[in-house]
Amino acid sequence: MDLSDFRDIGGKIRFYRLVDPSHPLIPELSKGLKIAGNTVDNRTDAVTISNGLTGQIEVDDLGRRIMFTLRMVDANNDVLGYWDPNNGLAVIGNKLKKMPLQKEPQALVVTTIMEAPFVMLRKPNIGEANYTGNDRFEGFCIDMIRMIAEDIGFNYTIRLVADGKYGAPVKNGWNGMVRELMDQKADLAVAPLTISYDREQVIDFTKPYMNLGITILGKKPAKPDPKLFSFLSPFSDGVWALMLFAYIVISLVTFVIGRFTPYEWQNPHPCDQNPDELENQFTFRNSFWFTIGSLMQQGSEIAPIANSTRVASGFWWFFTLIMISSYTANLAAFLTIDKLSSPINDAEDLSKQTDIKYGTIWGGSSHLFFRNPIYARMWHFMKHFKREQSVMVDSTQEGVDRVKKGGYAFLLESTTNEYFTERNCDLFQIGSRLDSKGYGVGTRRGSPYRDVISDSILKLQEQERLAELYEKWWRESEGAGMCDEQTETDANELGILNVAGVFFVLFIGTLVAIVIALFEFVWHHRRSKKGNKLPLGESVLNELKIAARCNGSSTRPAEPEDTDCDKTGTE
């Protein structure tokens, strides 16, 4: 209904169409109402209607309407503002020059609820008197409503909700802040009040000033006792088995190649140009000692001479370099980081067990949320308990205290969850958000302040002033940041896929060393006078038989061409 619904009669605004013609009150009014020219001949009795098209309707003894709300619209039917006898003119946005709501602005009643860090009692400094009035409170919502009031131009009085509830349906209607708005005991509800469908049916909300979702607050599991063999944690069992297998294989390959290649058989007395025997350093025991020494990065007195044994040793050293470096780095992570294993990772895990109780606040939006059929199992669990054993709590602080005692998970908004986990290092958020919603300022139905406050909230968001308030009360206020240094990073054991590449390189290197050893034998066989008498294949088989003897001697008879030294004794 707009100004076109009224007619100017005798220089005064009188009602022409108050309600729908089918309203049962119309026949009664029409008996005493007659419009003739500029006068009203007959007068109606005083009448009050609670919900007309223009809000509350009150008619005095003279038949004049004394309570209504007018909308100011432009040519495009866009609402510019509202006017009513009690509050005066309220202009929306910047479409008209802003005017004060009254010459002496009325102090609006703001209902709220104690909820850190949105609304908290302000502690006086030493030597200061106790605060009074609005100065008693501090927090995100207190700073926000102060900014809004300065932007729009109104006074306000903050009052805590009588029953300490947010607002939920009960037997006699609603409770909490929602009830106070419905009963016109308060003009605004400035608190972490969630915008929901049920609440929108009885009160109005402004644009959301903060987005959030329901999360789970849990207690961190106790640190596990140190394991006796925790030093094995950096590698998986499969990696340790492969390393043992690689050590044995490389030791055997080194032993065989070292005895197979003729260039590892050396003259034990270089000055004797015609020795009777040649000596080989790669015995069975020495081969295993050589590889384990390099694996432990200690080395040994054995130094490969032939190209084939040097190639095999080089690839083995590269393998040990990567494996030892990976082991050292991961071991440091395992020793310095306590890896906590939580039995609950999300809401589904929580609903499938009964050891850890869980609940939320009675009469809050989270309470209403779990009546959704999607979470029927969780809702059945929460309402199953009797009142004296209830998993529901009356306040956020009560829920947090129960979580600290253990055996309980608290379902609450993500903003509050983050506030408490920032200040309690033994608490953490389980999983991600279960939904997405927003906080808004609650107003009465049809209140002229809703759109004006919404515009102010949008302005504060664009100016990043609400973001600054969030940083102030969540990140910079007392107790914040104490858990930053204890942020845990998960340390995982290295599996076969993580180190498969270095095993592949070792395998390729071993094949290359075997091929080089064959070339060395062929080259020596062609130069050997004894080799010319035996076929190459037979010589290879004979040499392999000698080399593969684990208890074989470390010496062998020397041939003239094997000790062809110059006068200096070098080969």
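No experiment lies behind these values; they were computed from the predicted model shown.

K.L.:
What exactly am I supposed to notice about the overall build of the protein chain here?
P.N.:
A tally of regular secondary structure across the protein chain gives 16 helices and 28 strands. Every one of the 571 residues in the protein chain was classed for burial, and the buried ones make up 43%. Contacts in the protein chain between residues at least 24 apart in sequence constitute 66% of all its contacts with a sequence separation of at least 6. Surface exposure of the protein chain reaches about 31800 Å², of which carbon and sulfur atoms provide 54%.

K.L.:
Is there a simple way to explain helix 14 (residues 465-476) in this structure?
P.N.:
For helix 14, the full list of buried residues reads Leu 466, Leu 469, Tyr 470, Trp 473 and Trp 474. Projected down its long axis, helix 14 shows its buried positions confined to an angular sector of 105°, all on one face. In helix 14, those exposed residues whose orientation departs by more than 90 degrees from the buried face are Glu 468 and Glu 476.

K.L.:
Which parts of the structure should I look at to understand the environment of Val 256?
P.N.:
By the element assignment, Val 256 lies in helix 5 (residues 237-260). Judged by its relative accessible area of 27%, Val 256 falls in the partly exposed class. A C-alpha to C-alpha distance of 9.9 Å links Val 256 and Ala 517, two positions 261 residues apart in sequence.

K.L.:
Help me understand a nonpolar patch on the surface, please; the structure alone is not making it clear to me.
P.N.:
Judged by side-chain polarity, Phe 504, Phe 507, Ile 508, Leu 511, Val 512, Ile 514 and Leu 518 come together as a nonpolar surface patch covering roughly 600 Å² of accessible area. Mapped onto the fold, Ile 508 is located in helix 15 (residues 496-527).

K.L.:
What is the right way to read the sheet that holds strand 27 (residues 442-443) from this model?
P.N.:
Within a sheet, each strand pairs with its neighbour through backbone hydrogen bonds, oriented either parallel or antiparallel. As summarised here, the arrangement of the five strands in space is 14-11-17-27-18, forming an open sheet in which the pairing is mixed. The outermost strands of the open sheet, each flanked by one partner alone, are strand 14 (155-160) and strand 18 (204-205).

K.L.:
What exactly am I supposed to notice about the packing of helix 2 (residues 140-152) against helix 13 (residues 449-462) here?
P.N.:
How two helices pack is summed up by the angle between their axes together with the distance between the axes. Across the interface, helix 2 lies against helix 13 with an axial gap of 10 Å and an inter-helix angle of 110°. In terms of orientation, helix 2 and helix 13 fall into the roughly perpendicular class. When you trace helix 2 past helix 13, the crossing you get is right-handed. When helix 2 is examined against helix 13, the residues Met 147, Ile 148, Asp 151 and Ile 152 are found in contact with a partner set consisting of Val 452, Ile 453, Ser 456, Ile 457, Lys 459 and Leu 460. Counted by class, the contact of helix 2 with helix 13 contains seven nonpolar, one polar and two charged residues.

K.L.:
Honestly, the pattern of salt bridges in this entry has me stumped. Any pointers?
P.N.:
Pairing between side chains of opposite charge can happen when their charged atoms approach one another. Tallying each qualifying case throughout the model produces 16 salt bridges. The partner of Glu 422 in a salt bridge is Arg 475, and the shortest N-O contact between them spans 2.7 Å. Placement of the pair is Glu 422 in helix 12 (residues 414-423) and Arg 475 in helix 14, with a sequence separation of 53 residues. Residue Glu 422 is classed as buried on the basis of its relative accessible area of 16%. Assessed through its relative accessible area of 35%, Arg 475 is described here as partly exposed. Of the charged contacts, one joins Asp 435 and Lys 437 as a salt bridge, the two residues approaching to 3.7 Å between their closest N and O atoms. Accessibility expressed as a relative area gives 18% for Asp 435, which makes it buried. Residue Lys 437 is classed as buried on the basis of its relative accessible area of 14%.

Conventions adopted
Residues numbered from 1 in each chain as written. Predicted model: local features only at pLDDT ≥ 70, side-chain atom pairs only at ≥ 80, totals over all residues. Heavy atoms only, no water. Helix = DSSP H or I, 4+ residues; strand = E, 2+ residues; numbered from the N terminus. Buried < 20%, exposed > 50% of the residue type's maximum accessible area, 1.4 Å probe, protein only. Contact = heavy atoms within 4.5 Å. Areas by Shrake-Rupley, 256 points an atom, 1.4 Å probe, with all protein chains shown as cover. Arc of directions from axis to C-beta. Patch = residues over 30% accessible without salt bridge, like charges linked within 9 Å, V, L, I, M, F, W, Y side chains within 5 Å. Salt bridge = Lys/Arg side-chain N within 4 Å of Asp/Glu carboxyl O. Pairing = 2+ DSSP bridges. Axes fitted to C-alpha atoms, helices over the stretch in contact; angles between N-to-C directions. Parallel < 35°, antiparallel > 145°, perpendicular 65-115°, else oblique. Left-handed = near helix turned anticlockwise from the far one by under 90°. Nonpolar A, V, L, I, M, F, W, Y, C, P; charged D, E, K, R; others polar.

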